[in-house]
Amino acid sequence: MIPKQRMITAMLNRQPDMVPVAPDISNMIPCKLTGKPFWDIYLYHDPPLWQAYIDAVKYFGFDGWLPGVPVQFDYETEIENGPVWREATIERTPDRIYTRYHTNDGGTEQWSDFCTVYYIADPPTSLVPLEKVGLSADAPTSWEDVEPHTHYKGMGAYEEACRQMGDLGVVGLDVALPGLGLHPEAIYEYYDNLDAVVERCEQQHEAIVRRATAIAEVKPDLLFIGVSGFMISNPAPIFRKLALKTLQMVTKIAKDAGIPSQIHCCGPEYDLVKIAAEESDLSSINPLEIAPMGNCNLAQVKKEFGNSIGLMGNLHTTEVMLYGTQETVTAASKQAIDDAAEGGGFILSTGDQCGRDTPYENIRAMIEVARTYGKY
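Summarised in this report is the structure supplied together with it.

What counts, and at which threshold
- Residues numbered from 1 in each chain as written.
- Predicted model: local features only at pLDDT ≥ 70, side-chain atom pairs only at ≥ 80, totals over all residues.
- Heavy atoms only, no water.
- 1 Å grid on protein atoms, 1.4 Å probe; cavity = no way out; pocket = protein on both sides within 12 Å on 5 of 7 lines; lining within 4 Å.
- Points joined across faces, edges and corners; volume = space filled by probe spheres on them.
- Helix = DSSP H or I, 4+ residues; strand = E, 2+ residues; numbered from the N terminus.
- Nonpolar A, V, L, I, M, F, W, Y, C, P; charged D, E, K, R; others polar.
- Core = buried A, V, L, I, M, F, W, Y, C linked by side-chain atoms within 4.5 Å.
- Buried < 20%, exposed > 50% of the residue type's maximum accessible area, 1.4 Å probe, protein only.
- Contact = heavy atoms within 4.5 Å.
- Salt bridge = Lys/Arg side-chain N within 4 Å of Asp/Glu carboxyl O.

Here's the deal with the layout of surface pockets
Right, on to step 1. In this structure, the largest pocket occupies an estimated 1600 Å³ of space.
Right, on to step 2. Contributing elements (two or more residues each) for the lining of the largest pocket: α3 (38-42), α4 (49-60), β1 (64-66), β2 (86-93), β6 (125-129), β8 (169-175) and β9 (222-226).
Right, on to step 3. At 3 residues, α4 tops the list of elements feeding residues into the lining of the largest pocket.
Right, on to step 4. Residue classes in the lining of the largest pocket are distributed as 24 nonpolar, 11 polar and 5 charged.

This is the structure:
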């Protein structure tokens, strides 16, 4: 099988020729491989992050997994309203760039009350209070609007990503789920003003279903549901009230279109695996993190839900991938295959994002195990 077929087969919970292998290196390692300051990729899109990732797939030779590319459907352009906000550089040091957003409303320049910090060798931090980094809340007296090096309109980025990826892996389009955000105020609002939360989630539900319907018409390699850390603030009872209906509709849309659907939810995920496997048409789930960050045991999850849903995971990103030896990675990769690969429906991956300084030899050791020990 070619890598694309191998990945799709496993995401549909079927058996490919061998266990696909796709370590989650969607951010830091691709940026590092460019040899450029990270702000070139994140701020100036030089190259766009998705392109850096595809280059990393070619560099390492694993099965490509690009679950989302920034796109805008025609209807989303048509319903845009309100002022246009632009990102501008307001301060720069040798290792950081600080930006704020501004708009001109009625001849008066208005500025966001937060900033984004771009680093020379790390992903950016957004929504940073100005006082936290010693910046004034006053309007800056000078600034430079950010001009990205590349800018794809509409479906342009998706089309180019598909061209560059080719048969080396899958390219998806993504949606989210309605629910509570990862901040204390969201939890307080849920208990203090539930009606308002439910009303907002209903509006989000309608928008998400509309986007999923548009995605299904494109027929990408997968419909991806990105909800990082979601179950931390949306445990099972809240998930059922705010998000389950949307999950059911989105996964049915994907199933009816004949494409895999996959969730990424780092952190505690066992309850979500159970709900998705038993009450939705979701075909694949990752990253199935182990304790303490997560609560999934790969062998247990395979035994309990493997007949209903495909699995992707779950090598520990620090103890195994970052600090482990090649022998550690080899042993952990074989154990994961033993735990979850029987009968297919398993993609060997990591329990979330690999750190920037993960040894390349460890990534190659993981790939080697899948290509040899992982053959069916």
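Structure shown, so let's carry the discussion forward.
Some points on the nonpolar core
Right, on to step 1. Membership of the largest hydrophobic core comes to 91 residues, with the highest contact counts inside it found for I225, F239, F346 and L348.
Right, on to step 2. Looking at which element gives the most residues to this core, the answer is helix α16 (residues 360-372), with 7 residues.
Right, on to step 3. What F239 contacts, discounting residues up to four positions off in sequence, is L177, F230, M231, N234, L244, L247, L272 and I275.

Here's the deal with the side chain of N286
Right, on to step 1. Here N286 lies in strand β11 (residues 284-286).
Right, on to step 2. According to the relative accessible area criterion, N286 is buried, its value standing at 2%.
Right, on to step 3. Discounting chain neighbours no more than four positions away, the residues touching N286 are W65, Q262, I263, H264, C265, E269 and M312.

Things to note about the pattern of salt bridges
When charged atoms on two side chains of opposite charge get close, those side chains can pair.
Right, on to step 1. Counting across every chain of the model gives 18 salt bridges.
Right, on to step 2. Here R163 and E160 are joined by a salt bridge, their closest N and O atoms 2.5 Å apart. Of this pair, R163 and E160 both sit in helix α6 (residues 156-165), 3 residues apart, which is roughly one turn of that helix.
Right, on to step 3. Its relative accessible area of 19% is what places E160 among the buried residues.
Right, on to step 4. What emerges from the salt-bridge pattern is a single network uniting R6, D17, D63 and R371.

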